[in-house]
Amino acid sequence: MSDQHTAPEGDIILRTLAMPKDTNVSGDIFGGWVLSQMDIAGGIIAGERAQGRVATVAVNAMKFIQPVKVGDVLCVYGRVGRVGTTSMAIELEAWVNRDRLGERQKVTEGVFVFVALDDKGLPVAVEKG
């Protein structure tokens, strides 16, 4: 993953509008809000891959590239990276359409690690392939 490309990599998983209630003291959208949207998107991908329950266990290589502004449409793209015995590394990118309809810009990227869980909350194997 790199901020050098000009188009999102992966499938679109989530789209949402950045609202004034999600701002920090500088008037930009709070980084934690962006991270939580990415975590939701990653959970969707990981749950589909594991065919069941998953939990976030780590966020690696998180990089905030540009701020998100009120009125931006946040779009989260993702794909399955590495699959281990019980874990999956989900590669995520967050892009915005500035002021709902404007220029598309990459704002954040990261690798979120999820573990597959059984109905008791214990790690379970993820099928390969």
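As shown above, the structure is provided for reference.
What you are looking at is a predicted structure, and each value in this text was computed from that prediction instead of being measured.

### Overview of the overall build of the protein
Part 1: When its secondary structure is counted, the protein shows one helix and five strands.
Part 2: Along the protein, helices (α) and strands (β) appear in the sequence β-α-β-β-β-β when read from the amino end.
Part 3: Computed over C-alpha atoms, the radius of gyration of the protein comes to 15 Å, within 12% of the 14 Å expected from 2.2 N^0.38 for 129 residues, which places it in the range of a compact globule.
Part 4: With respect to the principal axes defined by its C-alpha atoms, the protein has extents near 40 × 30 × 20 Å.
Part 5: Across the 129 residues of the protein, 40% fall into the buried class.
Part 6: Long-range pairs, those at least 24 residues apart, make up 71% of the contacts in the protein between residues at least 6 apart in sequence.
Part 7: Per element, the accessible surface of the protein, about 6,800 Å² overall, is 52% carbon and sulfur.
Part 8: Put simply, the protein has 14 plus and 16 minus side-chain charges, and the middle of one group is 1 Å from the middle of the other.

### Regarding unusual backbone geometry
Part 1: Not every positive phi belongs to a glycine, and Gln51 is a case in point at roughly 60°.
Part 2: Judged by relative accessible area, which is 69%, Gln51 ranks as exposed.
Part 3: You will see that Ala61, though not glycine, has its phi angle at about 55°, which is positive.

Calculation criteria
Residues numbered from 1 in each chain as written. Predicted model: local features only at pLDDT ≥ 70, side-chain atom pairs only at ≥ 80, totals over all residues. Heavy atoms only, no water. Helix = DSSP H or I, 4+ residues; strand = E, 2+ residues; numbered from the N terminus. Rg over C-alpha atoms; globule rule 2.2 N^0.38 Å. Buried < 20%, exposed > 50% of the residue type's maximum accessible area, 1.4 Å probe, protein only. Contact = heavy atoms within 4.5 Å. Areas by Shrake-Rupley, 256 points an atom, 1.4 Å probe, with all protein chains shown as cover. Lys, Arg positive; Asp, Glu negative; His and termini not counted. Charge placed at Lys NZ, Arg CZ, Asp CG, Glu CD.

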